[in-house]
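A structural walkthrough
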There are 2 protein chains.
Amino acid sequence: MSADTRSKGNENAGADEAGGKSSLQRGLAILRLLASSNETGARLTDISRALDLTPPTVHRLLKILVEEGMAEADKATKRYRLGIDLFGLAAQAGNPNNLRDICRPILLRLSATLRDTIFLLVRSGFDAVCLDRSEGPFPIRSFTGDIGGRVTLGVGQGSLAIMAFLHEEEREEVIRFNLPRMQGVGIIDEVYLRTEIARVRDLGYASRSTGLLPGMSGVAVPVLDRDGHAVAALSVGTISERLNEERLPVVVDILKRESAAISRQLNPFDPVLRRPAAILGGGPA
Amino acid sequence: MSADTRSKGNENAGADEAGGKSSLQRGLAILRLLASSNETGARLTDISRALDLTPPTVHRLLKILVEEGMAEADKATKRYRLGIDLFGLAAQAGNPNNLRDICRPILLRLSATLRDTIFLLVRSGFDAVCLDRSEGPFPIRSFTGDIGGRVTLGVGQGSLAIMAFLHEEEREEVIRFNLPRMQGVGIIDEVYLRTEIARVRDLGYASRSTGLLPGMSGVAVPVLDRDGHAVAALSVGTISERLNEERLPVVVDILKRESAAISRQLNPFDPVLRRPAAILGGGPA
DNA sequence: GCAAAAGCTTCCGATATACGGAATAGATGG
DNA sequence: CCATCTATTCCGTATATCGGAAGCTTTTGC
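Keep in mind it's a predicted model, so treat the numbers as computed, not measured. (Residues numbered from 1 in each chain as written. Chains lettered and ligands numbered in written order. Predicted model: local features only at pLDDT ≥ 70, side-chain atom pairs only at ≥ 80, totals over all residues. Heavy atoms only, no water.)

Digging into the packing of aromatic side chains
Residue and element names in this part refer to chain A. Counted according to the given criterion, the structure contains two aromatic pairs over all chains. For the pair Phe-126 and Phe-177, a centre-to-centre distance of 3.9 Å together with 15° between the ring planes defines the contact as stacked. Taken together, the residues Phe-126 in the loop between β3 (117-124) and β4 (127-134) and Phe-177 in helix α7 (residues 168-178) connect sequence positions 51 residues apart. (Phe/Tyr/Trp six-rings, centres within 6.5 Å; stacked < 30°, edge-to-face > 60°. Helix = DSSP H or I, 4+ residues; strand = E, 2+ residues; numbered from the N terminus.)

Pasting the structure below:
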C-alpha cells in the first residue's frame, strides 16, 4: 500500500474500462460514469459500451445500485443517473475530525466580513479538494472550487498553502508527481515552484495572481495540525483590485486568526501548540 | 430477489446486517456504516460485527473501497472513514436537470435579500432531501436541513409544499406510507394533514409553525414543472417573529417569483436554449 | 516488561455468485 | 409493417467471493 494513491494498479490494459473485475469495482465504475454524464444521464447500453461490460451484467449491477439508492432510473427516458442517497452519504464524507462542521461557521463569518467567497480546501492524494465554500456578497464570483471540485496540488493559492506545510518527504513526492500535470496550468518550472513554496512557508500565507484567470487573485493560509503540518487551507478568491497592498495584510491577518481558531478546535487536547506563533505570526490567545 | 436464503446457521437477527449478499451490496453497506460513524471512524472489526461479515471479507472489500477512493484508512488510528472521492461523486448526485446549479444563484440572492437561511428540497422516495442551502446573515440558524439531510415528506413546510403538489396518486401513496412514520414528529392526524395539504395547495405556499422547534417557523413554495407538479421546494427557516403578518406576504411573494424563474429554466425544451449558459463555470476538474 | 487478548492480514480450498451468450420482449424509426 | 436498437430474462458455466485457519501485529492488562 504505502504511497497513498493509485500509483500501482496498472496491470490491466484498457483505456477507461471498468477498473477491476470484482463486482464492487464494477459497480463503483458505473457510479463514476454516471457522475461524469450526469447532464443527460446514461442509458444501459451506454454504460455497457463505455465500461466494456455486457448488458446483462450492467443491468444486474444497476438494479442493485437503484435498490440501494445510489442510482436512479428515469423511467421516462430510460436513463440512469446518480441517486440522492449518494448525496446524503457524501455529506459525511471527507469530513475528518468534523473539519467541515467546525469550519462552517468560520467560513460564514469570513465571507460576511471580507465580502468575498471563502473556500475550504483539503488535500486528497495529489489534489486539493474543495470541502466547502461560502459566498460573499461581492458580485464577482470566482470560478474555482465548486464543492467537491479538485485542483492539482500546487496550482492556486489554497493548494500552495497546503503544499508549503506538508511533511518534507510528502511535499517532494507531490512535486515529483505533479510537475508534469501542471503543464499549461501556470507553473511549469520546478525552480519557480520551489521558490514560491519557500516564500509561502516563510510568510505563512500564499498570495499571487494565479494566472488561472486574469484579474482574479487569491489569498490562502494553511490550517495546521499540532505538528505544524497542513490539514487544510482557507482561501479567498476575488478580483485583484480587492487584494492590494493596503487590504492584503488585513485579510491575511483575519485569515490567520481564523485558521488558528480552527487548529485549536481540531486539537481539543493540545496542552500547547507545538509550533504555533512562529509560523502563523501573531497568535491571538 | 428477497427470499432470504440464510444458509448459515446464524439466525441471531442482528438488527442491521449487510443488506444482501452480493459484494456490491456489501460494499455499499460498508459505506453507509462508515457514513453513520464518521465522527470517530470505524475499525475493521467494528464493521465486521455490525454487518455480520467475517473479517477477511471486510478486509477485502475495504481494500477495494480504499483503492477506489471511496474510503480512507487512517493509518494512525487504524480506522476507516469515507473517502473524499465520494464527496466529489456526490457533487453531481441528486442534481436532475442541474437543478442545484440552476438554483444556486437564486438561493444566494434569496438569502441575501431575506437575510435568512434558504433551503432547496427535493423529493426522494418518501422523504424530502436538502439539496442545497444558503445561509443568511441573520444570526439564528435553523437546525434543519444540513445538505444531504432527509425529512419525512409531510413534516415541515418545504415537505408540505412538495407534497401538496404531487400527483394525486403519488400523494396518496406518500400519505399512506408516511402517516405511521410521523408519530411524534408533529402531525399524527390524517384529517389534519389532509387539511393542511389542501390549504397549501390552495394558497400556493406552506407556512406554519412546524412545531419541530418552538419559536421557529418556515415558509416554503413549491417549484413546479410544466405540468404543475412539484419537483422541489424553496424554503425559508427562521424565527417566528420574522414571519409575522406583515412580512409573510412579502416573503411569499419573493419566493414565488424565484420559484417561477426556476421553473422556467427547468424547461428549456426550446431547442435553442439547450446550452446552459457557461458563464464562468464549466472548468475542467 | 511480559503474557494474553484482540485485531489485522494472508492463504487456500469449496462453492456460492456473478458472468455472458442466447433468446425474448419492448421501443424506435423508417 | 418490418428492421434496428435496446432492455430484460434465463440458465449453464466458471470465476470471483467467501470464511476457516493460521501467522502476524498491536493493544491491553497485570
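Now, onward.
A closer look at the confidence of the model for chain A
Any residue range with low pLDDT should be treated as having predicted coordinates unsuitable for detailed reading. All names here are of chain A. Looking at chain A as a whole, the pLDDT averages 81, with 80% of positions reaching at least 70. Within chain A, the lowest mean pLDDT, 33, falls on helix α10 (residues 277-280), and the highest, 95, falls on helix α3 (residues 55-67). Long-range and interchain partners of residues 270-285, a stretch whose pLDDT sits below 50, account for 20 contacts in this model, where long-range means more than four residues apart. (pLDDT = per-residue confidence, 0-100. Contact = heavy atoms within 4.5 Å.)

Some thoughts on the packing of helix α1 (residues 23-36) of chain A against α3 of chain A
Residues and elements named next belong to chain A. Their axes nearest at 10 Å, the elements α1 and α3 cross at an angle of 75°. Viewed along their axes, α1 and α3 adopt a mutual orientation that is roughly perpendicular. On the side of α1, the interface is formed by Ser-23, Arg-26, Gly-27, Ile-30 and Leu-31, while α3 contributes Val-58, Leu-61, Leu-62 and Leu-65. (Axes fitted to C-alpha atoms, helices over the stretch in contact; angles between N-to-C directions. Parallel < 35°, antiparallel > 145°, perpendicular 65-115°, else oblique.)

Some words on the sheet that holds strand β4 (residues 127-134) of chain B
All names here are of chain B. Strand order in the open sheet made by the six strands is β5-β4-β3-β8-β7-β6, with antiparallel pairing throughout. The open sheet has two edge strands, β5 (150-152) and β6 (206-208), and neither has a second partner. Pairs of neighbouring strands in the sheet enclose a mean axial angle of 25°, with direction left out of account. Across seven bridges, the pairing between strand β3 (residues 117-124) and β4 is antiparallel. Looking at the pairing, Leu-121 lines up with Cys-130 of β4. (Pairing = 2+ DSSP bridges.)

Some remarks on the sheet that holds strand β8 (residues 230-239) of chain A
All names here are of chain A. Strand order across the open sheet formed by six strands is β5-β4-β3-β8-β7-β6, with antiparallel pairing between neighbours. With partners counted over all chains shown, the strands left at the sheet margins are β5 (150-152) and β6 (206-208), one partner each. Between one strand axis and the next, the sheet turns through 30° on average, direction left out of account. As paired elements, β6 and strand β7 (residues 216-224) share three bridges and run antiparallel to each other.

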